[in-house]
Amino acid sequence: MSRPTIAGVARAAGVSVASVSRVLNGLPATEEMAERVRRAVDELGYVPDSRARSLKVGRTFQLTLAVADVGNPVYVTMMRAVEEVVSAAGYRLVVTTTGPEIVDEVALVRGMARGYADGLVISPLRVDDDLIKSIQECDVPVVVAGNVPAKAGVDTVRANSPKGMALAVEHLVSRGRRRIAFLNGPADTVPGEARAKGFADALRAHKLQPVAQVEAADFTFAAGRAGGRELLELGRGGSAREGADERDRAVSGTGSGAGRPTFDAVIAANDLLAVGLMHELAAAGLGVPDDVALVGMDDSELAEQCFPTLTSVNLGSAERGRRAAELLLARIEDGERSPRRIVVHPSLSVRRST
């Protein structure tokens, strides 16, 4: 049986092919004509040829979301939000991984010239002048879910990590924790730099000094375990600033024979790092939150799934995804409008880890 054609729909509806095309593409048509076309489409089982449609209107009706790691729960949340918005507008979403290196991010943006998508939402882990230049010169509209300089003239949606850190520190202080350590990801990344600055500013606001800080190799669970071991070793050994009295306290507590760390709370730069650290604390015989209170960032699904459940800063990943998708659709429709810079504000989800 041959596949129904647009000409067959026109014959069944008693209208011209051009009229069918107008209705199928959402262009103005009388209600009577639109109803006749829709009825004929349903009766014949007609499915528009998306390839022909793409060639005719100059669009693929496909958009791309590029993130550093599709396995990270925060990106899964963002992906779902982007997909919901673009699918409602008639687009398919293709998700791809850039990895952590700028060269791969730049290659992906430049590859958009191949014409396989009408636009791109990218959440870069690292940003430099080459990436900004490639975004500015891209053949299709690009929205950055992250932070780039305002002078770049690019649509952006970003989290407010410093405010999120302030919420985390304020919460820990309210729980009586004042010896706060920090497990960051790589500090040369967009989130790593923002969260390190936010942590330092938040401690200063409460007249506190960091007890220990470690920069993990990545924002992953495995990096959290490795960084957690380093943080425990550093916390147990003390530091020059803390002096001999603090070092004595570091080896006088409980644990697997190695002593209690100098810190009584840790903020991790994301939930994956926090859960990796949680495993290391358990292996060392330390209880969460009795010995060490723990706060993550991102408030991903993982925060509800671990034990104890994880207090985490919600940086609005779903909202950032929605807003980025809306900006991209608006840019596709009007390429001349002024760039917008949107900041999504954080909140704190308090759970058993604090």
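The rules behind these values
Residues numbered from 1 in each chain as written. Predicted model: local features only at pLDDT ≥ 70, side-chain atom pairs only at ≥ 80, totals over all residues. Heavy atoms only, no water. Salt bridge = Lys/Arg side-chain N within 4 Å of Asp/Glu carboxyl O. Helix = DSSP H or I, 4+ residues; strand = E, 2+ residues; numbered from the N terminus. Buried < 20%, exposed > 50% of the residue type's maximum accessible area, 1.4 Å probe, protein only. Pairing = 2+ DSSP bridges. Right-handed = clockwise from strand over helix to strand, strands pointing away. Phe/Tyr/Trp six-rings, centres within 6.5 Å; stacked < 30°, edge-to-face > 60°. Axes fitted to C-alpha atoms, helices over the stretch in contact; angles between N-to-C directions.

**A word on the pattern of salt bridges**
Scanning all chains against the criterion turns up 21 salt bridges. Linking Glu 35 and Arg 39 is a salt bridge whose minimum nitrogen-to-oxygen distance equals 3.8 Å. Note that Glu 35 and Arg 39 are positioned in helix α3 (residues 31-44) at a spacing of four residues, about one turn of the helix. By relative accessible area, which is 34% here, Glu 35 ends up partly exposed. Here the residues in one salt-bridge network are Glu 31, Glu 35, Arg 38 and Arg 39, joined through shared partners.

**Things to note about the pairing of strand β1 (residues 62-67)**
Of all six residues making up β1, six are buried, and the element is well covered by its neighbours. Neither face of β1 is exposed, since Gln 62, Thr 64 and Ala 66 on one face and Leu 63, Leu 65 and Val 67 on the opposite face are all buried. Pairing analysis gives six bridges linking β1 to strand β2 (residues 92-97), with the strands arranged parallel. Bridge pairing in β2 links Val 67 to Thr 97. Read as a crossover between parallel neighbours, the route from β1 over helix α5 (residues 73-88) to β2 is right-handed. When β1 meets strand β3 (residues 119-123), the two strands line up parallel, connected through five bridges. Bridged to Leu 63 within β3 is Gly 119.

**Topic: the packing of aromatic side chains**
Tallied over the entire structure, the rule returns two aromatic pairs. Here Phe 61 and Tyr 91 contribute two aromatic rings whose centre-to-centre distance is 5.7 Å and whose plane-to-plane angle is 35°, an arrangement assigned as tilted. Here Phe 61 is found in the loop between α4 (50-57) and β1, whereas its partner Tyr 91 is found in the loop between α5 and β2, with 30 residues between them in sequence. Note on Phe 61: relative accessible area 13%, which makes it buried. On the basis of relative accessible area, Tyr 91 is assigned to the buried category, the value being 7%. Taking 4.6 Å as the distance between ring centres and 20° as the angle between the ring planes, the aromatic pair formed by Phe 182 and Phe 199 counts as stacked.

**Overview of the sheet that holds strand β9 (residues 293-297)**
On the basis of which strands lie adjacent, the open sheet formed by six strands has the order β7-β6-β8-β9-β10-β12 and mixed pairing. Every interior strand has two partners, whereas the edge strands, β7 (213-215) and β12 (347-349), have only one. Within the sheet, the average angular offset between the axes of one strand and its neighbour, ignoring direction, is 20°. Note: strand β8 (residues 265-268) against β9, three bridges, orientation parallel. Within β9, the residue paired with Ile 267 across the bridge is Val 295.

**Some points on unusual backbone geometry**
Residue Pro 289 is bonded to the preceding Val 288 through a cis peptide linkage, with omega at 10°. Between Phe 307 and the following residue, Pro 308, the backbone shows a cis peptide bond with an omega angle of -5°. The topology assignment puts Pro 308 in the loop between α13 (301-305) and β10 (311-314). The backbone of Asp 299 sits at a positive phi, close to 50°, despite the residue not being glycine. Topologically, Asp 299 is positioned in the loop between β9 and α13. Under the relative-accessibility criterion, Asp 299 is labelled buried at 15%.

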